[in-house]
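If you want the building blocks of each chain, they are given just below.
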Amino acid sequence: MAEPLLDVKNLQFRFRGQDQDVVQDVSFRVGRNETLCIVGESGCGKSVTALALMGLLPKDDVRFGGGEVRFDGESFAPSDQGRIAQMRGDRMAMIFQEPMTSLNPAFRIGDQIAEAVERHRQCGRAAARARALEMLAKVGIPAPEQRLDEYPHQLSGGMRQRVMIAMALANDPELLIADEPTTALDVTVQAQILDLIAELQAETGMGTIMITHDLGVVAEIATDVAVMYAGQVVEYGPAEAIFNDPQHPYTIGLMASVPTLTGPRRRLSTVPGSVPSIGQMPEGCRFSSRCPFAAPVCGTRPPLRDITPGHRAACHFAPLELHLERSA
Amino acid sequence: MAETKVVRAVDGVSIEVRRGETFAIVGESGCGKSTLARLLMRLLEPTEGAIAFEGRDIAGIRGRDLRELRRDMQFVFQDPFSSLNPRMSVGKLVGEPIETHRPELSRMQRRAEVARLLRTVGLRPEHADRYPHEFSGGQRQRIGIARALASNPRLVIGDEPVSALDVSVQAQVVNLLHDLKSRFDMTLVIIAHDLAVIRHMSDRVAVMYLGQVVESGPTDEIFARPRHPYTMALLSAIPEAAHGRAKTRLALSGETPSPANPPSGCRFHTRCPFAREDCAARIPELRPAADETRVACHYWQEIAATRPSAGLTPADGRSEGAQRRFALYEAATQAPESKTATNAEA
């Protein structure tokens, strides 16, 4: 198998003052042209995982517990955030949920995009500005020459997210990390942005990591899915396997609790309770405090193991039918 | 001198909510749905038009009449973090509306009532001594619901009551609202942007665009056979949580125009893929279409004829394998020995 673009192995870290890892043994890979969706709810560690991959974690406040990040064949220690950060904005780029807080309100958008280009390409101002204009046109901003000299507050939310995408892709990154890029947008605008990212990916062949809580978005764009709960990857595999053959009780509960647009209207399943705080994580399987199938064995941590080749789940009872029959 | 700009956030809206139903108002940002909710609640006064509650015009009432209205009609807000006073204990928060609306109760009776309300929404009576910051988002939304129930309202208006919550917790609150509605014989008005939540919860729905209702009718009918191009676009834009269900998307160009300067004629004509010349000139009225629906579009019949499958396919898009697992999961959460039988949100 060819080496993937990004290969994350056993990423593990905690914040200063905590006695538990916020991200524990997280592994996944992304190839060129592929889209990995990391899905999970608030506090599952999906965003801090992205920050670690971008070299954006403040190194004095984080204790890394090992693991490896391989990017295009080159190996990085996750704790070497400075070295990882050197690729940021150039070989890999990130877009965030709230474009208003990620753009500097005091600078014209053209200058903000041009700055990113100048910094990494060592080109002149004029060339950088030309690139900024080209990118604005590419992300579908009407009248880009005029927009170049506008400030972020003059744009709508959807337009700001397009500017963020233009900035992120200005240096042709090989990897794009998008953290909930459409969550703050209306659905019709969300559809436009998802289409835009897909188009640009088809054109450049970049690998994409999309972080989201929206299973609809996942179904639409993912080639592979990592489901995270409380800092652990509980299920991982091709999108089709995750949706058609969900294995981990958390994945199943999450999917069953989403109201559907089609089919009969049934009472929604729920995942009881809420995510424990980091100091109160149960030993072993962290989902055990909310899992309807929990048993004493869940006090030891279940390994993320292959259920079918390439489709992994971290549950002692997967696949469920088999184990329920056995105990019945 | 420059003319003063007037924004008509809600412009010429007529809706009718029937007793005992769940009525939904759906639309994207800036469509006027939250303003409409505040008008219904009399947190705002309409510049023109009438709002009748149980046959009585409430548009101009004040004083005691307004207090009585506030008792019969309650509000659940979107953000459980900013709608609860952080310096009040849960007992105080839930006790306050009881004190306002039922002053005849003694302190002991009030405390018993707070305990009853907390149990009703799936919390424990001893939670009364705690403060909002000690609770999760879902629990805070339960506290907000307990507050709304304190006056025994006949109508509860929820403005995005679940959109700030994580999906798994959202389902808990959706189910709770459903149960409370049937248990206390309430009428529910839900304002939301999430169409899947709307479909799940409501009997009838009104779709808003730029301050106006463009389509309304029974929820099942609207979702199966949307007639207004905006409703079609909205439905086709939602990504569905099922694999390999490619939809033909009716893409909209551009974004919602500013309500301060709405387009002439049909307000949707600037983004409508079916717009014709006269759509910019003639204002379409909301007229009865078919199957109890109403549509504000000059050409809905012709559009429907060219797009027979604009609605959503009726079958659940999720695979059989997945549904089997959902059934196992559901059975396990219902099992008596399961910790989920009682409220496990501690």
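What you see is a predicted model; the values in this text were computed from it and never measured.

## As for the domain arrangement of chain B
All names here are of chain B. Its domain assignment divides chain B into domain 1 (22-202) and domain 2 (218-306). Taken together, the 6 residues of domain 1 in the interface contact 7 residues of domain 2. Buried surface at the junction of domain 1 and domain 2, summed over both partners, amounts to about 710 Å²; 66% is from carbon and sulfur atoms. Of all residues in domain 1, E28, L195 and R199 give up the largest surface area on contact with domain 2, accounting jointly for 66% of the area buried on that side. Counted by class, the side of domain 1 that touches domain 2 contains 2 nonpolar, 2 polar and 2 charged residues.

## Brief notes about the pairing of strand 10 (residues 224-229) of chain A
For a regular strand, side chains alternate in direction, first toward one face of the sheet and then toward the other. All names here are of chain A. Of all 6 residues that make up strand 10, 6 are buried, and the element is covered over most of its length. Residues D224, A226 and M228 line one face of strand 10 and the alternating positions V225, V227 and Y229 line the opposite face, and both faces are buried. Pairing of strand 3 (residues 35-39) with strand 10 involves 4 bridges; the strand directions are parallel. Residue pairing across strands places I38 opposite A226, the latter belonging to strand 10. Where strand 10 meets strand 11 (residues 232-238), 6 bridges bridge the pair, whose relative direction is antiparallel. Looking at strand 11, one finds that Y229 is bridged to Q232. Hairpin geometry of strand 10 and strand 11 is characterised by an intervening segment of 2 residues between the two adjacent antiparallel strands and by a positive phi of about 45° at A230.

## What to know about the nonpolar core
Ranked by size, the top nonpolar core spans 74 residues in total, and within it I113, L136, V163, I165 and V225 of chain A carry the most contacts. If you tally residues by element for this core, the top one is helix 7 (residues 157-169) of chain A, at 8 residues. Counting only domains with at least three residues in this core, you end up with domain 1 (100-172) and domain 2 (248-327) of chain A. In this view, V163 of chain A contacts L103, I109, I113, L136, I141 and L155 of chain A; residues no more than four positions away in its chain are not counted. By size, the runner-up hydrophobic cluster in this structure holds 71 residues, among which are L105, V173, L176 and M186 of chain B.

Cut-offs applied
Residues numbered from 1 in each chain as written. Chains lettered and ligands numbered in written order. Predicted model: local features only at pLDDT ≥ 70, side-chain atom pairs only at ≥ 80, totals over all residues. Heavy atoms only, no water. Domains from an automatic or database assignment. Contact = heavy atoms within 4.5 Å. Buried area = accessible area lost by both parts, 1.4 Å probe. Nonpolar A, V, L, I, M, F, W, Y, C, P; charged D, E, K, R; others polar. Buried < 20%, exposed > 50% of the residue type's maximum accessible area, 1.4 Å probe, protein only. Helix = DSSP H or I, 4+ residues; strand = E, 2+ residues; numbered from the N terminus. Pairing = 2+ DSSP bridges. Core = buried A, V, L, I, M, F, W, Y, C linked by side-chain atoms within 4.5 Å.

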